[in-house]
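Here is what each chain is made of, one letter per residue.
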Amino acid sequence: MPIRVKNPGMSSTIQDLGRNGYSHLGISVVGAADRLSLRIANLLVGNEENAPTLEMTLLGATLEFDEPKILALTGADCDAKVGSSAVRIGEAFEVPAGAVLKCGGMRTGARCYLAVQGGFDVPTVMGSAATDVRGGFGGFEGRRLKAGDILPVRRAGSGRSRKLEPLALEAISRHDTIRLARGAQQDWFGRDAFEILFSTPYSISDQSDRTGLRLKGQALQLREKSQLLTDGIPLGAMQVPQDGQPIILFVDQQTTGGYPKIASVIMADMHHVGQLRPHEQVRFQEVSIGQAITLLKAQEQWLKNAFIP
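This one's a predicted model, so the numbers in the text were calculated from it and none came from an experiment. (Residues numbered from 1 in each chain as written. Predicted model: local features only at pLDDT ≥ 70, side-chain atom pairs only at ≥ 80, totals over all residues. Heavy atoms only, no water.)

1. Thoughts on the overall build of the protein chain
For step 1, the next point in the chain: Along the protein chain, the regular secondary structure elements total four helices and 18 strands.
For step 2, the next point in the chain: Relative to the globule expectation of 19 Å for 309 residues, the C-alpha radius of gyration of the protein chain, 20 Å, shows essentially globular dimensions.
For step 3, the next point in the chain: Once the C-alpha set of the protein chain is aligned to its principal axes, its extents read approximately 65 × 40 × 30 Å.
For step 4, the next point in the chain: Within the span of the protein chain, comprising 309 residues, buried residues form 51% of the whole.
For step 5, the next point in the chain: Carbon and sulfur atoms make up 49% of the accessible area of the protein chain, which amounts to about 14,200 Å² in all.
For step 6, the next point in the chain: Charge centroids of the protein chain, computed over 34 positive and 32 negative side chains, lie 1 Å from each other. (Helix = DSSP H or I, 4+ residues; strand = E, 2+ residues; numbered from the N terminus. Rg over C-alpha atoms; globule rule 2.2 N^0.38 Å. Buried < 20%, exposed > 50% of the residue type's maximum accessible area, 1.4 Å probe, protein only. Areas by Shrake-Rupley, 256 points an atom, 1.4 Å probe, with all protein chains shown as cover. Lys, Arg positive; Asp, Glu negative; His and termini not counted. Charge placed at Lys NZ, Arg CZ, Asp CG, Glu CD.)

2. Examining unusual backbone geometry
For step 1, the next point in the chain: Residues other than glycine seldom take positive phi values, yet Val30 does so here, at roughly 45°.
For step 2, the next point in the chain: Examined against the element boundaries, Val30 turns out to sit in the loop between β2 (12-15) and α1 (35-44).

3. Things to note about helix α4 (residues 289-305)
Helical periodicity: at 3.6 residues per turn, an α-helix aligns residues three or four positions apart in one direction.
For step 1, the next point in the chain: A rise of 1.5 Å per residue sets the reference length of α4, with its 17 residues, at 24 Å; its end C-alpha atoms lie 25 Å apart and thus fit the reference within 8%.
For step 2, the next point in the chain: Listed in full, the buried residues belonging to α4 are Ala292, Gln299, Trp302 and Leu303. All buried residues of α4 lie within an arc of 100° about the axis, which places them on one face of the element. Seen from the open side of α4, the exposed residues pointing more than 90 degrees away from its buried face are Thr294, Lys297 and Lys304.
For step 3, the next point in the chain: Contact partners of the buried residues in α4: α1 and α3 (270-273). (Expected span 1.5 Å × (residues − 1). Arc of directions from axis to C-beta. Contact = heavy atoms within 4.5 Å.)

4. A short note on the side chain of Asp132
For step 1, the next point in the chain: Its place among the elements puts Asp132 in the loop between β8 (100-116) and β9 (150-151).
For step 2, the next point in the chain: Although Asp132 lies buried, it forms no salt bridge, and the closest oppositely charged side chain, Arg19, sits 4.8 Å away as judged by the N-O distance.
For step 3, the next point in the chain: For Asp132, the side chain forms a polar contact with the main-chain nitrogen of Gly135, separated by 2.8 Å.
For step 4, the next point in the chain: When residues no more than four places from it in sequence are discounted, the contact partners of Asp132 are Arg19, Ser28, Val30, Phe137 and Gly142. (Salt bridge = Lys/Arg side-chain N within 4 Å of Asp/Glu carboxyl O. Polar contact = N/O pair within 3.5 Å; in protein donor to acceptor, adjacent residues only side chain to side chain.)

5. Considerations on the sheet that holds strand β10 (residues 177-182)
For step 1, the next point in the chain: The sheet built from seven strands closes into a barrel, its strands ordered β10-β17-β14-β15-β12-β11-β18 with mixed pairing. For this sheet, the mean angle separating the axes of adjacent strands, direction not counted, is 40°.
For step 2, the next point in the chain: Pairing geometry for β10 and strand β17 (residues 261-265), over three bridges, is antiparallel. Residue pairing in the sheet places Ala181 in a bridge with Ser264 of β17. (Pairing = 2+ DSSP bridges. Axes fitted to C-alpha atoms, helices over the stretch in contact; angles between N-to-C directions.)

6. Quick notes on the environment of Leu235
For step 1, the next point in the chain: For Leu235, the position within the fold is in the loop between β13 (231-232) and β14 (237-239).
For step 2, the next point in the chain: Overall, the relative accessible area of 19% leaves Leu235 in the buried class.
For step 3, the next point in the chain: Considering only alpha carbons, one finds Leu235 and Asp252, 17 residues apart in sequence, at a separation of 9.1 Å.
For step 4, the next point in the chain: Leu235 has contacts with Arg35, Leu249, Phe250, Val251, Gln253 and Met270, leaving out every residue within four places of it along the chain.

7. As for α1
For step 1, the next point in the chain: Of all the 10 residues making up α1, nine are buried; the element is thus mostly covered by neighbouring parts of the structure.
For step 2, the next point in the chain: Three or more residues of α1 are buried, namely Leu36, Ser37, Leu38, Arg39, Ile40, Ala41, Asn42, Leu43 and Leu44.
For step 3, the next point in the chain: With its phi angle positive at about 85°, Gly46 sits one or two positions after the end of α1.

8. Digging into the pattern of salt bridges
For step 1, the next point in the chain: Going through the model one piece at a time under the given rule, you end up with 16 salt bridges.
For step 2, the next point in the chain: In this structure, Glu64 engages Arg4 in a salt bridge whose closest nitrogen and oxygen atoms are separated by 3.6 Å. Linking Glu64 in strand β4 (residues 62-65) with Arg4 in strand β1 (residues 3-7), this pair joins segments that are 60 residues apart in sequence.
For step 3, the next point in the chain: The class of Glu64 is partly exposed, set by a relative accessible area of 22%.

9. Remarks on the pairing of β10
Put simply, side chains in a regular strand alternate between the two faces of the sheet.
For step 1, the next point in the chain: By the bridge criterion, four bridges tie β10 to strand β18 (residues 281-286) in an arrangement that is parallel. Counterpart to Arg179 in the pairing with β18 is Gln285.

10. Quick look at the environment of Asp176
For step 1, the next point in the chain: Looking at the element boundaries, Asp176 is found in the loop between β9 and β10.
For step 2, the next point in the chain: The exposure class of Asp176 is partly exposed, given its relative accessible area of 48%.
For step 3, the next point in the chain: The spacing of Asp176 and Ile308 is 132 residues in sequence and 29 Å in space, taken between C-alpha atoms.
For step 4, the next point in the chain: When near neighbours in sequence (up to four residues on either side) are disregarded, Asp176 contacts Gln281, Val282 and Arg283.

Nothing here speaks to function; it is all geometry.
The following block contains the structure:
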């Protein structure tokens, strides 16, 4: 039986791990802003890691259930309740028939993920169920949810709900330092620019979304005034426009652009970027490509060991 949307919250979409392999056609990866939290939510309810899941931003959705469902919430600390009973983040739980789940504001972090056992039953487009809002395809009718939507759910498979090891989530808890590797146009910037980037704080601008996070802080200057005609943009690239205020290109990013890229967020820290809120401060730390690979491998090993056997 489907799930009824009584209130969609601020911005709620169906997402999975993204639409990879189409950047050369100008199609963004999209998918979850915090992929690690989406994977954990699915594993908690016994789904495959890439099952379609609900991403909610800053203010969660209110959903009504016609029949019992096994759910899990992960990511931001969301003020969630079934009736008058609070729901714990990072644990699978069951809602009875006729229940209403209200996911309120995010107390910390920006995005919360709701997985339902079986996964949301939406069509795949180019191998993904992720919502591309700008393109108007994928997810639920290619758009953000609205009140009155009826979300179909796949029949649950043989997977069973799981539990995380005690204190497992502390290992990936949010922090205010994001690690960067130097970018494709690193030689366009002098030593002063890198010293500023890695020693001074930046705040997240109100003009930030899933396309990019605009940062406010000390300007980063090029060695000399120049600009690319256009260039491919990897996920997490940090561009520096003419005003010197960096932009982290995010999951709904354009696939090419002309601003030089001073650095890129490492993949092991992209889930932290997905939880940054407007006005929060963040600092950056430099790591090498080798260190970035080691950190990602360590994160994958953590995920394998995070659940109780």
